[in-house]
Amino acid sequence: MTATQERPSAEIGRDRRRKEDQRLITGRTRWTDNITLPGMLHLAMVRSPFAHATITSIDTSAARQAPNVIAVFTGRDVADEQGSIPTAWNITTEQKSPPHPPIAVDRVAFAGEIVAVVVARTAAEARDAAELVDVDYAELPAALDLKEAAEDAVLAHPDLGTNKSAFWQFDSADAGTGGRVDEAIAAARQDGIVIEREYRQQRLIPSFMEPRSFVCDPTGEQTVLWSATQIPHITRFFLAAVLGIPESKIRVIAPDVGGGFGGKLQTVPEEMIAVLLARRLGKPCKYTETRSESLLAAHHGRDQWQRLTLAANKDGTVTGLKVDLLADLGAYAGTVGGGVPILGAFMFNAIYKFPAYQFNCTNVYTNKTLTDAYRGAGRPEATYAIERLMDELAVELGVDPLEIRERNWIKHEEFPFTTVAGMEYDSGNYEAATARAKEMFGYDELRAEQQRRRDAGDRVQLGIGVSTFTEMCGLAPSRVLGALNYAAGGWEHASIRFGGTGKVEVVTGASAHGQGHETAYSQIVADRLGVAFEDIEVLHGDTQISTKGYDTYGSRSLVVGGEALVLAADKVIEKAKPIAAHLLEASADDIEFSGGRFSVKGTDQGMAIGEVATAVFAAHNLPDGVEATIDADATFDPVNFSFPHGTHLCAMEVDTETGEVKMRKYVACDDIGNIINPLIVAGQVHGGLVQGIAQALWEEAVYDDAGTLVSGSFVDYLLPTAADTISFDIDHTTSPSTTNSLGTKGVGEAGTIASTPAVVNAVVDAIRHFGVSDIQMPCTPERVWKAISSAGGGGDDPTEGAAMPHFDRSEPGQDSTEGAGA
């Protein structure tokens, strides 16, 4: 039992509308780009059109003479000051990381890299003048193809002598968590089953709603930076480390931030430049990127080749798993970019009882935009691969994909369970989540309909996709992160402060950008202290107010940040107890606290905690030796990750003559432990589902042979809208986490992690009887049609004489079999 379960709660588990929404939907927000300061100047970036080139000359004279231009800076102008943007995660001590100057000096390593900056009185004038900067380049061969780059065919950074940044391996035999995987595979080749597959994780772009924006004011005692960031505290540290400014002289404010998905998890060149030039000029400076710049130069995600070998006995019991991964870092090592694939290393085994496991990862530089964390960060990639592979094992054995999973997953009575990757899963019930998902989905009925369509040879075939996933959330245990060579810790800090009127201020080191922190944290504190939800103010995102913290990413805000709040609240109660006893003229041992009131056992005497706060504010009658405050701080560093899980089921319809795909039904049953606010959870799940489905069906960052991003606008980078999706059916089972008192597990990334393989498995399942076993994402109509055609099925080439069909936007649940033969 968790503390939350043991007592009734008016707040935990309640559907509350978000406190944040009123100002968000009425336009009373303060985005970074809304900030205007007296005398503020504007920056525009001059970017390289080449993927790899030396800079032979830069002529800024015409730009300097343009109207209202204050200055133009090149990399050489600031070479002694700008430093190099660091990475926080060198996955090995031998990792090779090229210098990453905010403004390139001699050479550019990707199309979009900054080579000069124009400073002007307005943003439009800065952009116009940037067009006048004349840069001569000597183009160099570019490393663009990941596999070729891994062979050092062309070097992305010639000075490094190789494109390989680092090699990282986990071997269960060496770690003492399992056997030798090569022995398991060899045995299976003799008398068992060996499945070998290669999967492609395409490159994606975190398309947050608000483009990145930075305003720096250097005119006061402190340098103040407003930043559309997920990481104000980490940004402050990096600015101090790179630019040599004392941390006490830097204030970073993340005001209202319009989404991030990992895409605002870095301290980026533009941020460094805004601070550097503002301090150089002694005037406030602003930079806000255009959407095209965001797609071009803000970091990308995913981009891997995955080669997997699975060994199993003839009955389908898995005996070994080997993973060989190539990960494209892009041109530079991002803040945590090199470590993202390593997070996946602990999740390829998923919910299955593999007795032997080996993971090999080679991080590779190319002349493309750098990659870093994108919603799920390593875990969607791992989940996709293993869930696709489990379907292949089911096909090999001729059994239902759910049956092969159940045959191999950890049973609920086996928790806590130490996996072959060394993780200790504290709780879970895969059977319950799957049973509920099947019930909601109508699994048996849809399987029967699928068979009828196949027997009838329908043009539109039905496929059913399965994804039974788990993930490691609450990126935190500092000792674990240290063992993985991560530079920072993972704790989180919180403070609770009472005003003289009994109202409460909550200060958190987590920094919200759409998650609903202000609402959920208010519910936690209201529940713990018994104060009114409306009387709680949550403060965050300002390093002057919240001086300590590790910010927001990796589904850690609730399981780490929320637990810090619980600890702080408990400290408040303990500090208030002797004061209440004194005011009630009772022994502290006779004082009880419940529902926001201190009472004397066996009597009706009592007082609210807010009354204690008021008495402390006056300090007229306090016990001797007790300080006049009940405020409290707490830091929480968990001993383990949390492990949410779930079963997602997807039904997809595929037109075998055109390749057109349509989602028929999607069911998600997740176990995320105890739920603080079901309404917020539903929003997180629905949003995550759309992002994962988008990878399966629509999104891909594409470069041409010269290294130019050709999907550099939303005309070419296909971002889904509400019209492209259906209504999802979601539900939850609950097995509370045992590693925090709230019993929570995290939900921000669950939908993204689970949905991609569910969708692709469904598309492949619809046309597997034609001989199709894989389709490279995204599963566009053209790719689906080509897969059918090359396997010997389907109709005429739909690309001849007509445009490719658009995605079906018919009403959810509409049966596309009606008239399919017409």
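Residue positions are given per chain, counting from 1 as you read along its sequence in written order. Where local features are concerned, this predicted model is filtered to residues with pLDDT of at least 70; where side-chain atom pairs are given and counted, the filter is 80 or more; whole-chain, interface and lining totals use all residues. Derived side-chain values reflect all non-hydrogen atoms in the structure, with water molecules and hydrogen atoms excluded from consideration.

(A) Layout of the overall build of the chain. Secondary structure elements are taken from DSSP: a helix is a run of H or I of four residues or more, a strand is a run of E of two residues or more, and numbering for both begins at the N terminus. The helix and strand inventory of the chain stands at 22 helices and 28 strands. Only C-alpha atoms enter the radius of gyration, while the globule expectation follows 2.2 Å times N to the 0.38, with N the number of residues. By the compact-globule yardstick of 28 Å for 822 residues, the chain fits well, its C-alpha radius of gyration being 28 Å. Referenced to the eigenvectors of the C-alpha coordinate spread, the extents of the chain come out at roughly 90 × 75 × 55 Å. Whether a residue is buried, partly exposed or exposed follows from its accessible area with a 1.4 Å probe, protein chains only, as a fraction of its type maximum: under 20%, in between, or over 50%, in that order. Going through the 822 residues of the chain one by one, you find that 61% of them count as buried. Residue pairs in contact within the chain that sit at least 24 positions apart in sequence constitute 79% of those at least 6 positions apart. Calculation of accessible area relied on Shrake-Rupley with a 1.4 Å probe; when residues are assessed, cover is drawn exclusively from the protein chains displayed. Working note: accessible area of the chain is about 30000 Å², and carbon and sulfur atoms make up 48% of it. This count recognises Lys and Arg as positive and Asp and Glu as negative, with His and chain-terminal groups excluded. For the purpose of locating charges, the reference atoms are NZ of Lys, CZ of Arg, CG of Asp and CD of Glu. Positive and negative side-chain charges in the chain, numbering 71 and 113 respectively, have mean positions lying 2 Å apart. Note on definitions: a residue-residue contact is assigned when non-hydrogen atoms from the two residues lie within 4.5 Å.

(B) Region of the structure containing the confidence of the model for the chain. Per-residue pLDDT for the chain averages 94, and the proportion of residues at 70 or more is 95%. Known as pLDDT, the predictor's confidence for each residue is given on a scale from 0 to 100. Every residue in residues 795-822 is under pLDDT 50, and counting partners more than four places away or in other chains gives 51 contacts.

(C) Summary view of the pattern of salt bridges. Salt bridge, as used here: a side-chain nitrogen of Lys or Arg that lies within 4 Å of a carboxyl oxygen of Asp or Glu. Scanning the model with the defined rule gives 58 salt bridges in all. The residue Glu81 makes a salt bridge to Arg280 at a minimum N-O spacing of 2.4 Å. Of this pair, Glu81 sits in the loop between strand S3 (69-74) and strand S4 (107-108) while Arg280 sits in helix H9 (residues 269-281), and the two are 199 residues apart along the sequence. Taking the relative accessible area as the measure of exposure, Glu81 reaches 35% and is therefore partly exposed. The partner of Lys368 in a salt bridge is Asp328, with the nearest N and O atoms 2.9 Å apart.

(D) Just empty space enclosed by the protein, in detail. Here a cavity means grid points, on a 1 Å grid over the protein atoms only, where a 1.4 Å probe fits yet cannot get out; a pocket means an open set of points with protein on both sides within 12 Å along at least five of seven lines; lining residues are those with an atom within 4 Å of a point. Grid points are joined across faces, edges and corners, and a volume is the space filled by probe spheres set on the points. Tallied over the full model, the rule gives four cavities of 30 Å³ or more. When its volume is computed, the largest cavity comes out at roughly 240 Å³. Around the largest cavity, the lining comprises 23 residues; the ones closest to its centre are His100, Val268, Pro269, Ala297 and Leu370. Considering only enclosed or pocket space, the second largest cavity measures out at about 80 Å³ in volume.

(E) Layout of the pairing of strand S9 (residues 213-217). Among the five residues that make up S9, five are buried, leaving the element largely enclosed by the rest of the structure. Side-chain alternation along S9 places Ser213, Val215 and Asp217 on one buried face and Phe214 and Cys216 on a second face that is also buried. When DSSP finds two or more bridges between a pair of strands, those strands are recorded as paired. In this antiparallel pair of consecutive strands, S9 and strand S10 (residues 223-227), the connection spans five residues.

(F) Structural view of helix H13 (residues 401-408). Within the sequence span of H13, burial applies to Pro401, Leu402, Ile404, Arg405 and Asn408. Buried residues of H13, viewed axially, fall in a sector of 160°; they line one side. Tucked into the core, H13 has its buried residues touching strand S14 (318-330), helix H12 (379-397), helix H14 (430-441), helix H15 (443-456), strand S18 (460-470) and helix H21 (750-767). By construction, the arc corresponds to the directions joining the helix axis to the C-beta atoms.

(G) A look at unusual backbone geometry. Of the consecutive residues Phe415 and Pro416, the connecting peptide bond is found in the cis state with omega at -5°. Inspection of the secondary structure puts Pro416 in the loop between H13 and strand S16 (417-418). Note that the residue after Met777, namely Pro778, is joined by a cis bond; omega there is -5°. Residue position: Pro778 is located in the loop between H21 and helix H22 (781-791). The backbone of Asn485 shows a phi angle near 75°, a positive value even though the residue is not glycine. Relative to the helices and strands, Asn485 resides in the loop between helix H16 (478-483) and strand S19 (492-498). In this model, Ala619 sits at a positive phi of 60°, which is unusual for a non-glycine residue. Following the sequence through the fold, Ala619 ends up in the loop between helix H19 (609-618) and strand S25 (632-636). Take Ala619: its relative accessible area is 37%, and that puts it in the partly exposed class.

(H) Spatial organisation of the environment of Ala124. In this structure, Ala124 sits in helix H4 (residues 123-130). Look at Ala124 and you get partly exposed, because its relative accessible area is 40%. Separated by 324 residues in the primary sequence, Ala124 and Ala448 place their C-alpha atoms 61 Å from one another.

(I) A look at the nonpolar core. In this structure, Phe359 and Tyr666 are the most contacted members of the largest nonpolar core, which totals 131 residues. Those residues in contact with Tyr666 that sit more than four places away from it in its chain are His648, Leu649, Cys650, Leu689, Ile693, Ile726, Phe728, Asp729, Ala754, Ser755, Ala758 and Val759. As used here, the term nonpolar core means buried Ala, Val, Leu, Ile, Met, Phe, Trp, Tyr and Cys residues forming a set that is joined through side-chain atoms within 4.5 Å. One finds Ala510, Val525, Ala526 and Ala576 within the second-largest nonpolar core, a separate group that totals 46 residues.

(J) Fine view of the sheet that holds strand S2 (residues 53-59). Spatial ordering of the open sheet is given by S4-S2-S6, a layout of three strands whose pairing is antiparallel. On the outer flanks of this sheet lie S4 and strand S6 (134-139), each paired with one strand and no other. Pairing analysis gives six bridges linking S2 to S6, with the strands arranged antiparallel. What sits directly across from Asp59, in S6, is Asp134.

(K) Molecular detail of the packing of aromatic side chains. Stacked, edge-to-face and tilted are the three classes for Phe, Tyr and Trp ring pairs, Trp counted by its six-membered ring, which pair at centre distances within 6.5 Å; planes under 30 degrees apart are stacked, over 60 edge-to-face, the rest tilted. Applying the stated criterion to the full structure yields 17 aromatic pairs. Geometrically, the ring pair formed by Tyr666 and Phe728 is edge-to-face, given 5.8 Å between the ring centres and 75° between the ring planes. Here Tyr666, found in strand S27 (residues 661-671), pairs with Phe728, found in the loop between helix H20 (678-697) and strand S28 (729-732); they are 62 residues apart in sequence, far enough to count as distant. Take Tyr666 and Phe728: they sit in the same class, and that class is buried. Connected via pairs of aromatic rings, a cluster forms that spans Trp168, Phe170, Phe346, Phe348, Tyr357 and Phe359. Look at NZ for Lys and CZ for Arg. If either is within 6 Å of the ring centre and within 35 degrees of the ring normal, a charge sits over the ring. Lys147 extends its terminal NZ or CZ atom over the ring of Trp305, reaching a point 4.1 Å from the ring centre. One residue, Lys264, lies across the ring of Phe208, its end atom 4.6 Å from the ring centre.

(L) The sheet that holds strand S24 (residues 606-608), seen in detail. Within the open sheet, the three strands sit side by side as S22-S23-S24. Their pairing is antiparallel. Bordering the open sheet on either side are strand S22 (591-594) and S24, each of which pairs with just one other strand. Between one strand axis and the next, the sheet turns by 20° as a mean value, whatever way the strands run. By the bridge criterion, three bridges tie strand S23 (residues 597-600) to S24 in an arrangement that is antiparallel. When the sheet's bridge partners are listed, Arg597 is paired in S24 with Ala608. For helices, the fitted axis covers only the stretch in contact; all axes are lines through C-alpha atoms, and the angles between them, taken along N-to-C directions, range from 0 to 180 degrees. Contacts from helix H18 (residues 557-583) reach S22, S23 and S24 within the one sheet, and its direction differs from that of S23 by about 45°. Contacts from H19 reach S22, S23 and S24, with the element oriented near 80° to S24.

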